[in-house]
Amino acid sequence: MLQTLDGIDIRPLNPTIGAELHGIDLAQPLTTAQVAAVREALHRYKVVFFRDQDITPEQQLDFARRFGAIDVNPIFGHVPGHPEVMLLVKEEGDKFNIGEIWHSDMSFAPVPPMGSILYARQVPPAGGDTLWCDMNRAYETLSEGLKATLLGLNAVHNNRGQLERAAARAGDVSTTVQASAFAKVREAVHPVVRVHEGSGLPCLFVSETFTWCFEGWTREESLPLLRFLWDHAIKVENQVRFRWQAGSVAFWDNRSTMHYAANDYHGWRREMHRVTVKGTPPA
Ligand code: SIN
């Protein structure tokens with residue numbers, strides 16, 4: 001299945017999630033038609049990929065700004081001289097990576113980011129793939145009874161687990177954590193099912209990394225249902241898995257996906273640059 005939209009070839013990797021977009025150079029300013037085509041593909045496929053790109057931090061930011069204002073990550077360190085570009089690096093000797101539990105970026109924020117743009121600078125010869133899952137399909141494949149129950153629920157999201165892991169792993173992870181990140185646990189309440197602003201489709205919005213409990217429920221009461229939803233969401237049929245090359249770029253929609261960074265490449269260096277685009281309050 002190959003479609004063309006404003007000179008961009010769209011090569012889907014899966015019927016509902018993931019498509020490679022060819023015929024676009026992210027180092028050049030995009031035309032209005034190209035921005036519209038990328039946005040349409042993002043809404044349709046939830047994560048889109050570009051190959052063989054060669055971009056500076058400024059060019060990555062310029063591309064991101066075509067889709068919204070930049071959301072600066074308050075937790076992790078950045079590329080020197082570019083506070084808006086998060087530096088994700090796993091050195092040869094590191095035991096852990098960042099993003100190894102399924103999540104939607106920064107959902108502990110009152111207004112979580114719409115999208116994230118990840119640029120591969122250096123990748124291992126094998127391993128280090130990233131996986132995404134389709135949170136609209138996850139919702140649609142639930143029973144009508146559970147869908148109706150979830151529509152009435154909100155969930156508390158926080159970064160308590162993220163900070164605990166960062167403190168416990170210090171010395172085994174090269175991606176830096178800002179000292180100010182530890183000053184407070186960040187927390188927000190969001191609907192368990194959000195309506196995607198672009199497609200109008202309902203999407204499950206809970207993750208193992210950040211969802212703590214249902215609003216008004218204890219953590220113990222919440223965990224059995226949350227665990228069911230997390231396992232359901234990441235079923236293989238809901239996933240796309242991307243094999244990176246240096247120069248690959250992934251642009252994902254945090255409203256309709258979760259993602260997971262595989263930590264299976266010990267002894268090899270991997271360096272990624274991430275820019276995050278602001279969203280609107282989930283509703
Ligand atoms: C992340 O943004 O969670 C990390 C993704 C990756 O490094 O593949």
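Predicted, not measured: the structure shown is a model, and the values here were computed from it.

Asks: I keep staring at the overall build of the protein and nothing clicks. Help me out?
Replies: In terms of regular secondary structure, the protein is built from 6 helices and 17 strands. Taking 19 Å as the expected radius of gyration for a compact globule of 283 residues, we find that the protein reaches 18 Å, a close match to that expectation. Reported as C-alpha extents along the three principal axes, the dimensions of the protein are approximately 50 × 45 × 35 Å. Taking all 283 residues of the protein together, the buried fraction comes to 56%. Taking all contacts inside the protein whose residues are at least 6 apart in sequence as the whole, residues at least 24 apart take part in 82%. Surface exposure of the protein reaches about 11,800 Å², of which carbon and sulfur atoms provide 54%. Computed over 28 positive and 33 negative side-chain charges, the separation of the two mean positions in the protein equals 1 Å.

Asks: Can you help me understand the site of the ligand in this one?
Replies: Taken together, the neighbourhood of the ligand is formed by Leu-88, Ile-98, Gly-99, His-103, Leu-118, Thr-130, Trp-252, His-259, Ala-261, Arg-270 and Arg-274. Side-chain polar atom of His-103 to an oxygen atom of the ligand: 2.9 Å apart, as the coordinates give it. Arg-274 places a side-chain nitrogen or oxygen 2.8 Å from an oxygen atom of the ligand. Relative to its unbound accessible surface of 260 Å², the ligand loses 98% to contact with the protein. Per-class residue counts for the shell around the ligand are 5 nonpolar, 4 polar and 2 charged.

Asks: So what exactly am I meant to see when it comes to the sheet that holds strand E10 (residues 187-191) here?
Replies: The strands making up a sheet are joined through hydrogen bonds of the backbone, oriented either antiparallel or parallel. Sheet architecture is open: 3 strands sit in the order E10-E9-E13, paired in antiparallel fashion. Here the strands that pair on one side only, and so sit at the sheet edges, are E10 and strand E13 (211-214). Recorded for the sheet is a direction-independent mean angle of 30° between the axes of neighbouring strands. Relative to E13, strand E9 (residues 154-158) runs antiparallel, the two sharing 3 bridges. Counterpart to Ala-155 in the pairing with E13 is Phe-214.

Asks: Just to check I follow, could you spell out the pairing of strand E15 (residues 249-253) for this structure?
Replies: Along a regular strand, successive side chains alternate from one face of the sheet to the other. By the criterion of burial, E15 is predominantly enclosed, with 5 of the 5 residues buried. Going residue by residue along E15, you find Val-249, Phe-251 and Asp-253 tucked away on one face and Ala-250 and Trp-252 tucked away on the opposite face as well. As defined by bridge partners, strand E4 (residues 47-50) adjoins E15 across 4 bridges and the pair is classed as antiparallel. Its bridge partner lying in E15, Val-48 is registered against Phe-251. Where strand E7 (residues 115-122) and E15 come together, 5 bridges link them in antiparallel fashion. Counted as the bridge partner of Gly-115 is Asp-253 from E15.

Asks: Is there a simple way to explain the sheet that holds E7 in this structure?
Replies: Pairing is mixed in the open sheet, where 9 strands are placed in the order E1-E2-E3-E4-E15-E7-E17-E6-E5. This sheet does not close on itself; its edge strands, each paired only once, are strand E1 (3-5) and strand E5 (78-79). With 5 bridges connecting them, strand E6 (residues 82-90) and strand E17 (residues 270-277) associate as antiparallel partners. Each bridged residue has a counterpart across the sheet, and for Val-89 the counterpart in E17 is Glu-271. Contacting E1, strand E2 (8-12), strand E3 (19-22), E4 and E15, helix H1 (residues 32-45) runs over the sheet at an angle of about 10° to E2. Sheet strands in contact with helix H2 (residues 57-65) are E4, E5, E6, E7, E15 and E17, and its direction is about 110° off that of E6.

Asks: Please clarify how the state of the cysteines should be interpreted in this entry.
Replies: A covalent bond between the sulfur atoms of two cysteines is what we call a disulfide. Overall, the coordinates contain 0 disulfides when judged by the stated rule. Take Cys-203: it sits in no disulfide, and the sulfur closest to it among the cysteines is that of Cys-133, at 11 Å. With relative accessibility at 1%, the residue Cys-203 sits in the buried group.

Asks: Explanation requested: the pattern of salt bridges in the structure shown.
Replies: When charged atoms on two side chains of opposite charge get close, those side chains can pair. Going through the model one piece at a time under the given rule, you end up with 19 salt bridges. Arg-65 is paired through a salt bridge with Asp-62; the nearest N and O atoms lie 3.3 Å apart. With a gap of 3 residues between them, Arg-65 and Asp-62 both fall in helix H2, about one helical turn apart. Residue Glu-91 pairs with Arg-269 through a salt bridge whose shortest N-O separation is 2.9 Å. A residue pair is termed long-range when its members are at least 10 positions apart, and Glu-91 in the loop between E6 and E7 and Arg-269 in the loop between strand E16 (257-261) and E17 qualify at 178 residues. Judged by relative accessible area, which is 25%, Glu-91 ranks as partly exposed. Through salt bridges with shared partners, a single network forms among Glu-91, Arg-121, Arg-269 and Glu-271.

What counts as what
Residues numbered from 1 in each chain as written. Predicted model: local features only at pLDDT ≥ 70, side-chain atom pairs only at ≥ 80, totals over all residues. Heavy atoms only, no water. Helix = DSSP H or I, 4+ residues; strand = E, 2+ residues; numbered from the N terminus. Rg over C-alpha atoms; globule rule 2.2 N^0.38 Å. Buried < 20%, exposed > 50% of the residue type's maximum accessible area, 1.4 Å probe, protein only. Contact = heavy atoms within 4.5 Å. Areas by Shrake-Rupley, 256 points an atom, 1.4 Å probe, with all protein chains shown as cover. Lys, Arg positive; Asp, Glu negative; His and termini not counted. Charge placed at Lys NZ, Arg CZ, Asp CG, Glu CD. Near = heavy atom within 4 Å. Polar contact = N/O pair within 3.5 Å; in protein donor to acceptor, adjacent residues only side chain to side chain. Nonpolar A, V, L, I, M, F, W, Y, C, P; charged D, E, K, R; others polar. Pairing = 2+ DSSP bridges. Axes fitted to C-alpha atoms, helices over the stretch in contact; angles between N-to-C directions. Disulfide = S-S within 2.5 Å. Salt bridge = Lys/Arg side-chain N within 4 Å of Asp/Glu carboxyl O.

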